[in-house]
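Here is what each chain is made of, one letter per residue.
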Amino acid sequence: MDILFFDPCLKDVVWGGNKLRDEFHYEGAGDSTGECWGISAHKNGDGKIKNGTYSGMTLSALYRDHRELFGNITAEEFPLLVKIIDAKADLSIQVHPDDAYVKEHEDCPFGKTECWYIMDCPENATLVIGHHAKTRQELADMIHEDRYEELIKQLPVKKGDFIQIVPGTVHAIKGGFTILETQQSSDITYRVYDYKRLVDGKERPLHVKQSIDVITVPDESGEKALVSTEGMKKDAMNLLIACEFYKVWKMEVETSVNVEQKYPFLLGSVLDGCGRVNEYELKKGDHFMIPSDYGNVKFEGNMELILSTV
Ligand code: ZN
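Now for a look at the structure at hand. In this text the structure is predicted, and so the values were computed from the model without any measurement.

Scanning the protein from terminus to terminus reveals six helices and 25 strands. Computed over C-alpha atoms, the radius of gyration of the protein comes to 19 Å, within 12% of the 19 Å expected from 2.2 N^0.38 for 310 residues, which places it in the range of a compact globule. A burial count over the protein gives 54% of its 310 residues as buried. Partitioning the intrachain contacts of the protein with sequence separation of at least 6 by distance along the chain shows that 72% fall at a separation of at least 24. Accessible surface, the protein as shown: approximately 13,500 Å² in total, 46% of it carbon and sulfur. Taken together, the 35 basic and 52 acidic charged side chains of the protein have centroids lying 1 Å from each other.

This brings us to the nonpolar core. Phe70 and Phe78 are the most contacted members of the largest nonpolar core, which has 36 residues in total. Looking at this core, the elements with two or more residues in it are β1 (4–7), β3 (33–39), α2 (59–65), β7 (80–86), β9 (114–120), β19 (237–242) and β22 (266–277). With four residues, α2 is the single largest residue contributor to this core. Setting aside residues no more than four positions away along its own chain, Phe78 makes contact with Ile39, Ala41, Leu59, Tyr63, Phe70, Phe110, Ser185, Phe265 and Leu267. If you look at the next biggest cluster of nonpolar residues, it comprises 24 residues, including Ile143, Tyr148, Tyr193 and Ile212.

This part is about the pattern of salt bridges. Taken as a whole and assessed by the stated rule, the structure comprises 22 salt bridges. One salt bridge in this structure joins Asp194 and Arg197, with 2.9 Å as the shortest N-O distance. Residue Asp194 is classed as buried on the basis of its relative accessible area of 4%. Put simply, Asp286 and Lys283 hold a salt bridge, and the shortest N to O gap is 3.2 Å.

What follows covers the coordination of the zinc ion. With distances of 2.1 to 2.6 Å, the protein atoms coordinating the zinc ion are His96 (NE2), Glu114 (OE), Glu114 (OE) and His171 (NE2). Coordination at the zinc ion is irregular, judged from the four donor atoms that bind it and the angles of 52 to 124° they form at the metal. The sequence motif formed by the donor residues of the zinc ion is H-x17-E-x56-H. Taken together, the positions of His96 in the loop between β8 (93–95) and α3 (99–105) and Glu114 in strand β9 put the pair 18 residues apart, joining distant regions of the chain. Per residue, the accessibility class of His96 equals that of Glu114, and both read buried.

Here is what the cut-offs are and how they apply
- Residues numbered from 1 in each chain as written.
- Predicted model: local features only at pLDDT ≥ 70, side-chain atom pairs only at ≥ 80, totals over all residues.
- Heavy atoms only, no water.
- Helix = DSSP H or I, 4+ residues; strand = E, 2+ residues; numbered from the N terminus.
- Rg over C-alpha atoms; globule rule 2.2 N^0.38 Å.
- Buried < 20%, exposed > 50% of the residue type's maximum accessible area, 1.4 Å probe, protein only.
- Contact = heavy atoms within 4.5 Å.
- Areas by Shrake-Rupley, 256 points an atom, 1.4 Å probe, with all protein chains shown as cover.
- Lys, Arg positive; Asp, Glu negative; His and termini not counted.
- Charge placed at Lys NZ, Arg CZ, Asp CG, Glu CD.
- Core = buried A, V, L, I, M, F, W, Y, C linked by side-chain atoms within 4.5 Å.
- Salt bridge = Lys/Arg side-chain N within 4 Å of Asp/Glu carboxyl O.
- Donors = N, O, S within 2.8 Å, 3.2 Å for Na, K, Ca; no water.
- Tetrahedral: all angles 85-135°; square planar, octahedral: opposite > 155°, others 65-115°.

So this is what it looks like as structure tokens:
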């Protein structure tokens, strides 16, 4: 059985930067590549396997035809999406719906719970997480009257922080941030505000009605969304979150780590450094999946990874 490596899908966007080309050396990345979908079976970026028996096959096809590699889980589509985001400019202020809302209003099986590991950000940076409206009426008024400075909450963050964003949370990544995002496999996003930015001469559409529908009021995000990874154990899997959709770990390898693959599947992304997993070489920017029943794996080298499963 192989550990499967993926060819990422790259996305050029208005707010994208050049790190995915210059630091991660992804083939085809340019000056405004904002997202690298490293592990994805989503229809808007279905990643291909690049080694072994299933080389050339998309992750969605592999999930459809070889469910045994995924521990025979029953989700109708491969449930997770892992991406690296490099923002040169601010992203729109947005909110995501939950599973129940998308089933009623969108043609998509999953809502979007997501989490971010901050790989890089400016000194004294903040992210937009949450809002100050006390009632849905006040929320609607502040949105209709363009009072965004008053509406949004700013959360101070630093490199190495980890943040869980549940559906209904107003949020935005800002320019200067590089993050590893683990999320439900969904791209349903409601844009609350886009800083009056013009794209090809016009403002991108806002989803005011849907936003007012799905934003949690009063806000429940608060500081409880944030986990600091400072001082976490080296050469160990450190659990960052376990929620109903995923489990995510940070692992900093200094010498070696033995991992028992007891999960339906285990996803990995190398954020920095290089090393090996069993007989496979690993380097910064690699994304891979260790299938169900693979057995024990040994990570060696000097590198930082984010791992996840359902
Ligand atoms: Zn989001």
